[in-house]
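As a plain string of letters, each chain reads:
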Amino acid sequence: MNNAETFSPLVALVGNPNCGKTALFNRLTGARQKVANFAGVTVERKIGRYTSSGGRIWQVLDLPGTYSINASTPDEQITQAVITGQHSSEPMPDALVCVVDATNLRRGLRIALELKQLRLPMVLAINMTDIAAKRHIEIDLPALSAALGMPVVETVAVRSHGEANLVAALEKLPLKAEKNPPVHLLPTSVMELQDEVNAILKQCVSNLTSASPWTEKIDRIILHPVWGTALFLTLMFLVFQAVFSWATLPMDLIKSLVEELGNRVQEGMAPGVLRDLISQGIIGGSGAVLVFLPQIVILFFFILTLEDSGYLPRAAFLLDRLMGSVGLSGRAFIPLLSSFACAIPGIMSTRTIQNPRDRLTTIMIAPLMTCSARLPVYALIIAAFIPSQTVLGVLNLQGLVLFILYMAGIVSAMLVAWVMKPRNKTQHALLLELPDYRWPNLHNLSLGLWERIRIFVTRVGTIILALMILLWFLSSFPGAPPDADHPAIYYSIAGLLGRALEVVFAPIGFNWQICIALVPGMAAREVAVAALGTVYALSQHGDDLTQTLQPLIAQSWSLPTALSLLAWYVFAPQCIATLSVVRRETNSWRYPLIMLSYLFGLAYLASFLTYRIAMHFSG
Amino acid sequence: MKTHTAANTAISLDKLKVGESGIVGKISQITAAITHFDPTLTRRLMEIGFIPGEPVQVLHKGFFGGEPIAVRIGHSTFALRLFEAALISVIPHHE
């Protein structure tokens, strides 16, 4: 009990998936949370803090949702190691909160009994009591508390102050400032635990059998083979429509703000190297990427809403058989959908796939989903080379090309998955929970979106910015000789590099300017557009410098070159961030290297074919 | 365990039709091939609620080949592939 004033206890939240544990965590900590990974694995680690009315600062750790603390999945291994004090870099918690869903105590209490053997100070938080009340489930809290031998409180994570009971109960726990020694878990029998739970429930809870009245009714349509599939397709169509049409206005706004800022700098500063660096390298470069923020926000708005409402696992149910035919699990749908925004969160969410083989296949094909970073490249080239005309009466040709590019990614992903599919007849478990439907919670939704925005903007502000500055230097030095008959960049380090790469890429129609842009594009695909901007800006003589990129490339590239670059970007192996996540996820260099080489091979092949065929037809 | 353990009436969960219900019997020992790739499957099935004596009902089946199936177990709903369901024996209700 020493140092009671400064002692800041660590409390860990443990519970089943879908019990509202993360919502409760959000309620406790608000925006004061840090999201990272546990050391060495991509299991999300969320830590936050709050100050109780007594002035004590509580650290709150949100552990991954598990059905048991008996470790069989990576998530469960982390949870087990942390709560038993055996994790190498995480301190043992001073207290535990076991979160259970009030409408599913039968499963939730089993984990509470498992946790009890750790003998840590502990509170049972019965969450979603608002829903339980609507279904007339009555829980005798004092009796339950006596039966379990721990304080029991009701919480409603989706309501403000719904966490108040828990905060009060935590304050009353008998805490020790010194850490508990690590413990070893004794093996438990699921059957014995369940018998114990059932006996407790019989005493303490009435009206156990009631189910969500409308979940079953909604599922009759959503899981229906015909209506469900039609609904799914419509929904996906609407999501992509929204991503492209709703985003136009904010994107234009960001674009004009960035241009305005660039112009101010251009006018306000004396001409010279520094001015060019700031206006072209820094503002132009990061602006070209920042433009995609609205699309990412809209896509994640839909993904988070669908996830929160309980629809995503249903989509996985509908797609399981189809995806199973190429050797994937229906569970792969969620990571692959996220990969349309960015492969990194997609690959990170593959941890919900228990089978290592299924998980690996999903990781390997995730970069083939057209991520939003490829959109700037597609948008630029399509606008410059594909005429905006109507085909087949209703379709816009530009939109059609974009659709084909997306489909090309999906189809090649399925082919790659099929090639990777094990040829023996092993079957993999699905074990996918279809939770009750609920209204998406605005508080959780906005916190989730804020998290995405923060990650993206930080990325623009750090990696992408640094690369743009580096590229700018490489493209500007050394300067051109006095008798130069090429633009200055031709003689720079970047120019030398580009010309060397041109030898490799000439057969697929890339000129040295494109080759230069591919190099910084390794770090982030969208940088290629900004890099092309820098390269072409520096390639111009004097007056032409103000010209925008699109008409410039329309003049200087042939159609086959443009189509070839589009085909290249369907596969686009160059994304260091993705490769490093794969490295961390699979814990070896083997898979990122395989990924890099297979994507590079496919990209080269696709571009070569596209270029040659286009050359043939254009004479 | 209650009295409904008339072993001759137990069938595997994948044989149940949509809407039919019963009580979970035992979880089979899994064939060597599956155990090799997924040794924790039996335990995981039990952890999500397939425990002898728990009520179970088949709610939906997928479009192609009736797979996967959505099953109400205890107070949760889970999607399973047919081979997983085949590991679970059920004593069906006759109503």
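What counts, and at which threshold
Residues numbered from 1 in each chain as written. Chains lettered and ligands numbered in written order. Predicted model: local features only at pLDDT ≥ 70, side-chain atom pairs only at ≥ 80, totals over all residues. Helix = DSSP H or I, 4+ residues; strand = E, 2+ residues; numbered from the N terminus. Buried ≥ 20, exposed ≤ 12 C-beta atoms within 10 Å, placed from the backbone. Contact = placed C-beta atoms within 7 Å. Rg over C-alpha atoms; globule rule 2.2 N^0.38 Å. Axes fitted to C-alpha atoms, helices over the stretch in contact; angles between N-to-C directions. Left-handed = near helix turned anticlockwise from the far one by under 90°. Nonpolar A, V, L, I, M, F, W, Y, C, P; charged D, E, K, R; others polar. Pairing = 2+ DSSP bridges. Expected span 1.5 Å × (residues − 1). Parallel < 35°, antiparallel > 145°, perpendicular 65-115°, else oblique. Core = buried A, V, L, I, M, F, W, Y, C linked by C-beta atoms within 7 Å. Arc of directions from axis to C-beta. pLDDT = per-residue confidence, 0-100.

Q: Is there a simple way to explain the overall build of chain B in this structure?
A: What chain B contains, in helices and strands, is three helices and six strands. Sequence-ordered secondary structure for chain B, helices as α and strands as β, is β-β-α-α-β-β-β-α-β. Across the 95 residues in chain B, those meeting the buried criterion constitute 42%. The long-range share in chain B, meaning contacts at least 24 apart out of those at least 6 apart in sequence, stands at 65%.

Q: Would you mind going over the overall build of chain A with me for this structure?
A: A count of helical and extended segments in chain A gives 26 helices and twelve strands. Computed over C-alpha atoms, the radius of gyration of chain A comes to 28 Å, within 12% of the 25 Å expected from 2.2 N^0.38 for 619 residues, which places it in the range of a compact globule. By principal-axis analysis of the C-alpha atoms, chain A measures approximately 90 × 60 × 40 Å. In chain A, once contacts between residues fewer than 6 apart in sequence are set aside, the share between residues at least 24 apart is 71%.

Q: How should I be thinking about the packing of helix α3 (residues 105–116) of chain A against helix α7 (residues 190–204) of chain A in this particular structure?
A: In a packed pair of helices, the relevant descriptors are the angle between the two axes and the axis-to-axis distance. Residues and elements named next belong to chain A. Between α3 and α7, the least distance of the axes is 9 Å, while the angle of their chain directions is 115 degrees. Between α3 and α7 lies a crossing of right-handed hand. Of the residues in α7, those touching α3 at L105, R106, L109, R110, L113 and E114 are L193, Q194, E196, V197, I200 and L201. Taken together, the residues that form the contact of α3 with α7 break down as seven nonpolar, one polar and four charged.

Q: Looking at this model, I keep getting lost on the interface of chain A and chain B. Mind explaining?
A: Often, the extent of an interface is quoted as the loss of accessible area upon association of its parts. Each partner contributes residues to the interface: chain A has 29 residues there, and chain B has 33 residues. For the side of chain A that touches chain B, the secondary structure elements donating two or more residues are α3, α7, α13 (311–324) and β12 (432–433) of chain A. Of the strand pairs in this sheet, β12 of chain A and strand β5 (residues 76–80) of chain B are connected by two bridges, and their pairing is antiparallel. The residue of β5 of chain B that forms the bridge with E433 of chain A is F78 of chain B.

Q: Explain α7 of chain A here, please?
A: An α-helical turn contains 3.6 residues, so any two residues separated by three or four positions project in the same direction. Here α7 of chain A is 15 residues long and its end C-alpha atoms lie 21 Å apart, about the 21 Å a rise of 1.5 Å per residue gives. On its buried side, α7 of chain A packs onto α3, β7 (138–139), α5 (141–148) and β9 (205–206) of chain A together with α2 (41–47) of chain B.

Q: For this particular structure, what's the right way to read the packing of α5 of chain A against α7 of chain A?
A: Residue and element names in this part refer to chain A. The N-to-C vectors of α5 and α7 enclose an angle of 155 degrees; their axes lie 9 Å apart at closest approach. Judged by the angle between their axes, α5 and α7 are roughly antiparallel. Between α5 and α7 lies a crossing of right-handed hand. Along the contact surface, α5 presents A143, L144 and A147, while α7 presents I200, Q203 and C204.

Q: I tried to follow the nonpolar core on my own but got confused; where do I start?
A: Soluble globular proteins: nonpolar side chains tend toward being buried together. Formed by 178 residues in total, the largest nonpolar core has its most connected members in L13, L96, C98 and A125 of chain A together with V71 of chain B. With nine residues, helix α24 (residues 559–571) of chain A is the largest single contributor of residues to this core. Excluding residues that lie within four positions of it along the chain, A125 of chain A makes contacts with L24, V97, C98, V99, V153, T155 and L166 of chain A.

Q: Help me out: how do you make sense of helix α20 (residues 493–505) of chain A in this one?
A: Residues and elements named next belong to chain A. Its 13 residues give α20 an end-to-end C-alpha distance of 18 Å, which sits within 8% of 18 Å, the value for a rise of 1.5 Å per residue. Turning to α20, its buried residues are A494, G495, G498 and F505. Buried residues in α20, looked at end-on, bunch into an arc of 90 degrees, giving them a common side. Exposed and oriented more than 90 degrees from the buried face of α20 are A500, V503 and V504.

Q: Just checking my understanding: could you explain the pairing of strand β6 (residues 88–92) of chain B for this structure?
A: Both faces of the sheet carry side chains from a regular strand, because those side chains alternate between them. Residue and element names in this part refer to chain B. Two strands pair when backbone bridges link them, and strand β1 (residues 11–12) and β6 are joined in this way by two bridges, in the antiparallel orientation. Counted as the bridge partner of I11 is V90 from β6. Across four bridges, the pairing between strand β2 (residues 21–27) and β6 is antiparallel. Paired with I27 across the bridge in β6 is I88.

Q: Can you help me understand the environment of Y378 of chain A in this one?
A: All names here are of chain A. Within the secondary structure, Y378 sits in helix α17 (residues 375–385). When the C-alpha atoms of Y378 and L566 are compared, they prove to be 6.5 Å apart, with 188 residues separating the residues in sequence. Beyond its immediate stretch of four places on either side in the chain, Y378 contacts L402, L405, L566 and Y569.

Q: Help me understand the sheet that holds strand β3 (residues 55–61) of chain B, please; the structure alone is not making it clear to me.
A: The strand order across the open sheet built from seven strands is β12(A)-β5(B)-β4(B)-β3(B)-β2(B)-β6(B)-β1(B), with neighbouring strands paired in antiparallel fashion. Edge strands, defined here as strands with exactly one partner in the open sheet, are β12 of chain A together with β1 of chain B. Where β2 of chain B lies against β3 of chain B, three bridges are found, and the strand directions are antiparallel. Among the inter-strand pairings, I23 of chain B is bridged to a residue of β3 of chain B, identified as P55 of chain B.

Q: I would appreciate a short explanation of the environment of I508 of chain A in the present structure.
A: Residue and element names in this part refer to chain A. In this structure, I508 sits in the loop between α20 and α21 (512–518). Once the C-alpha coordinates of I508 and I139 are considered, the two residues, 369 residues apart in sequence, prove to be 70 Å apart. The residues touching I508, leaving out its near neighbours within four places in the chain, are S564, Y604, S607, F608 and Y611.

Q: Can you walk me through the pairing of β5 of chain B in this structure?
A: All names here are of chain B. The buried fraction of β5 amounts to five of the five residues, a majority that puts the element mostly inside the structure. Where burial is concerned, the two faces of β5 agree: the one with S76, F78 and L80 and the one with T77 and A79 are both buried. As judged from the five bridges shared by strand β4 (residues 69–73) and β5, these two strands associate in the antiparallel manner. Residue pairing for β5: A70 is matched across the bridge by A79. The loop that links β4 with its antiparallel partner β5 comprises two residues; one of these, G74, has a positive phi angle of about 60 degrees.

Q: Would you mind showing me how to read unusual backbone geometry here?
A: For residues other than glycine, phi is negative in most cases, and the peptide bonds are mostly trans. Cis peptide bonds are those with omega within 30 degrees of zero, and the linkage from E67 of chain B to P68 of chain B qualifies with -10 degrees. When you line up the elements, P68 of chain B lands in the loop between β3 and β4. Phi is positive for R119 of chain A, which is not a glycine, with a value near 60 degrees. Along the chain, the position of R119 of chain A falls in the loop between α3 and β6 (122–127). Residue classification places R119 of chain A among the exposed positions, given that 9 C-beta atoms sit within 10 Å.

Q: Hey, could you run me through the confidence of the model for chain A in this one?
A: Mean pLDDT over chain A works out to 83, with 91% of the residues at or above the 70 mark. Throughout residues 541–547 of chain A the model reports pLDDT below 50, and contacts reaching past four residues in sequence, or to other chains, amount to five contacts.

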